[in-house]
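Each chain, written out:
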Amino acid sequence: MSSEQLQGFLDKKPLYYKEIDHKRVHIAYAMLKPHIRRPKTVHIVGTNGKGSTGRMIAYLAWRQGVRSEEVGGRSYSVGHYTSPHILKFNERIWIDGVDASDAVLEVAHQRLYAILGKEMSDALSYFEYTTLLAFVVFEKCDLMVLEAGLGGEFDATNVCDKELSVITPIGIDHQAFLGESIEEIAATKIRSIRKLVLLAPQPYPEVVEVAKTIASDVGADLCVCPQNGNVGADSHICPRVNTQVDPYALKEIAKAKGWGDYLIDNAMVALKALELLGINYDINDLYDLELFGRFYPLTKDIRIDVGHNPLAAQAIVKAMAPETVLIYNSLDDKDYEVVLRTLAPKVKRVEIIPIESQRATTMEAIETAVEKVGLVYRRFDGKLDENEHYLVFGSFYTVEAFLNIIGFE
């Protein structure tokens, strides 16, 4: 059985659903599971920092394999599934240092479609189908790093078992799907854990308590990674990590890369994750890692960041240069007034950029929010002043719109 080509097939699937049948993807995975091999798996769940933390884990593990192969040892293949993409779907499925090629994705799609059949393939959501597609692409890998989409417990990425769950910072977001309180949101995400859990530094102490309770309930080992990088002292916390990351070396890398403190925290978590997995790494490989879209220096005066919620704004404002021109827009389910108020101390003016999404808020609503915060604003006209510092922020769609307008390839 053959299907139309992948991109045309995916284009027919809606990106957003008001309700999702959570049993469907489990049925589909049960159909797929006998036909593929599952690599050692890391599941990344949280509100912010999933993409950068996951890429650091994947990149360092892959680079260690490359180094081993160069001296006649065994290679180590690594896949990283992330979402959404900025410019091209291939960004979601990264394998051994590069985005998966169109040819690799097409072969995987035709195989997956043949296994699932037309009825199930058509029924699966965009995210469900592409998650299973990643499983097919990664089946020969040694390590698979999966970034959860919206939640955790009911996320499509949670259908397979995993050796390690990494919980990145959890904040208030997607309340309509995950719950109104921080405890409810944390529980929905953390109930995805299985055997071993690494908890990143958390802005809300309630999240740590929720994690301890759920880990106890399911019998999982919980490792708490505080901001100074030293694992918690409780005897039941992180019993498997004995080494210590050199914080000085990490700060030197961060300084060279222009990383904010939140990326240092994410790197610390990634290094601890590798230690828990028993995977060697060379911290200096981080010098060569490019985290596109994560406070990324597009030029010396333009940074792009796909963050979009208040928690991301709190992290990013510490790293921003004073008098930054903010190129901004937002999806309508985000608290954009709080985001703008958080960034305001470092913002010279706001330039509002139009974005294409059925979830985008109106330009007028953004203007009203900017006025309430008391910032100067205008609409982005595509012109950039070489004497200004810019931050493009607000969502993947905002960064995508900016890159398209300036003709970035």
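Remember, it's a predicted structure, so these values are computed and weren't measured experimentally.

### Let's talk about the pattern of salt bridges
For step 1, the next point in the chain: Under the definition given, this model contains 24 salt bridges.
For step 2, the next point in the chain: Two residues, Arg-38 and Glu-163, come together in a salt bridge whose shortest N-O distance is 3.0 Å. Of this pair, Arg-38 sits in the loop between helix H2 (22-32) and strand S1 (40-45) while Glu-163 sits in the loop between strand S5 (143-147) and strand S6 (164-167), and the two are 125 residues apart along the sequence.
For step 3, the next point in the chain: What makes Arg-38 partly exposed here is its relative accessible area of 31%.
For step 4, the next point in the chain: Its relative accessible area of 24% is what places Glu-163 among the partly exposed residues.
For step 5, the next point in the chain: Between Arg-379 and Glu-367 there is a salt bridge whose closest N-O contact spans 2.8 Å. Taken together, the residues Arg-379 in strand S13 (residues 377-379) and Glu-367 in helix H13 (residues 363-373) connect sequence positions twelve residues apart.
For step 6, the next point in the chain: Given a relative accessible area of 40%, Arg-379 falls into the partly exposed group.
For step 7, the next point in the chain: Using a relative accessible area of 16% as the deciding quantity, one classes Glu-367 as buried.

### Describing a nonpolar patch on the surface
For step 1, the next point in the chain: Together, Leu-87, Leu-384, Ile-405, Ile-406 and Phe-408 make up a nonpolar patch on the protein surface, roughly 360 Å² of accessible area in all.
For step 2, the next point in the chain: Looking at where Leu-384 falls in the secondary structure, it is placed in the loop between S13 and strand S14 (389-393).
For step 3, the next point in the chain: Look at Leu-384 and you get partly exposed, because its relative accessible area is 35%.

### So, a negative patch on the surface
For step 1, the next point in the chain: Among the surface-exposed residues, Glu-183, Glu-184, Glu-206 and Glu-209 lie close enough to one another that they form a single negatively charged patch.
For step 2, the next point in the chain: Mapped onto the secondary structure, Glu-183 falls in helix H7 (residues 182-190).
For step 3, the next point in the chain: With relative accessibility at 36%, the residue Glu-183 sits in the partly exposed group.

### Re the sheet that holds strand S4 (residues 98-99)
For step 1, the next point in the chain: Within the open sheet, the eight strands sit side by side as S4-S3-S2-S5-S1-S6-S7-S8. Their pairing is mixed. Only two strands of the sheet have a single neighbouring strand rather than two, namely S4 and strand S8 (221-224).
For step 2, the next point in the chain: Relative to strand S7 (residues 196-199), S6 runs parallel, the two sharing three bridges. Of the residues in S7, the one forming a bridge with Ile-167 is Leu-199.

### With respect to unusual backbone geometry
For step 1, the next point in the chain: Cis geometry is adopted by the peptide bond preceding Pro-84, which originates at Ser-83 and carries an omega value of -15°.
For step 2, the next point in the chain: With respect to the element layout, Pro-84 can be found in the loop between strand S2 (78-81) and strand S3 (93-95).
For step 3, the next point in the chain: For Asp-96, which is not glycine, the phi torsion reads 50° and is therefore positive.
For step 4, the next point in the chain: Among the secondary structure elements, Asp-96 is positioned in the loop between S3 and S4.

### A look at the nonpolar core
Among soluble globular proteins, nonpolar side chains are generally buried collectively.
For step 1, the next point in the chain: Ranked by size, the top nonpolar core spans 70 residues in total, and within it Ile-57, Leu-143, Leu-286, Leu-343 and Phe-393 carry the most contacts.
For step 2, the next point in the chain: Tallying contributions element by element places helix H10 (residues 261-277) first for this core, with twelve residues.
For step 3, the next point in the chain: Residues within four places of Leu-286 in sequence aside, it is in contact with Met-56, Leu-60, Leu-250, Ile-253, Lys-257, Trp-259 and Ala-267.
For step 4, the next point in the chain: Leu-32, Ala-100, Phe-127 and Ala-134 belong to the second largest nonpolar core, which has 36 residues in total.

### Details of the side chain of Thr-41
For step 1, the next point in the chain: Take Thr-41: it is sitting in strand S1.
For step 2, the next point in the chain: Among residues more than four places away in sequence, those in contact with Thr-41 are Met-144, Leu-146, Cys-160, Asp-161, Lys-162, Glu-163 and Leu-164.

Rules and cut-offs
Residues numbered from 1 in each chain as written. Predicted model: local features only at pLDDT ≥ 70, side-chain atom pairs only at ≥ 80, totals over all residues. Heavy atoms only, no water. Salt bridge = Lys/Arg side-chain N within 4 Å of Asp/Glu carboxyl O. Helix = DSSP H or I, 4+ residues; strand = E, 2+ residues; numbered from the N terminus. Buried < 20%, exposed > 50% of the residue type's maximum accessible area, 1.4 Å probe, protein only. Patch = residues over 30% accessible without salt bridge, like charges linked within 9 Å, V, L, I, M, F, W, Y side chains within 5 Å. Areas by Shrake-Rupley, 256 points an atom, 1.4 Å probe, with all protein chains shown as cover. Lys, Arg positive; Asp, Glu negative; His and termini not counted. Charge placed at Lys NZ, Arg CZ, Asp CG, Glu CD. Pairing = 2+ DSSP bridges. Core = buried A, V, L, I, M, F, W, Y, C linked by side-chain atoms within 4.5 Å. Contact = heavy atoms within 4.5 Å.

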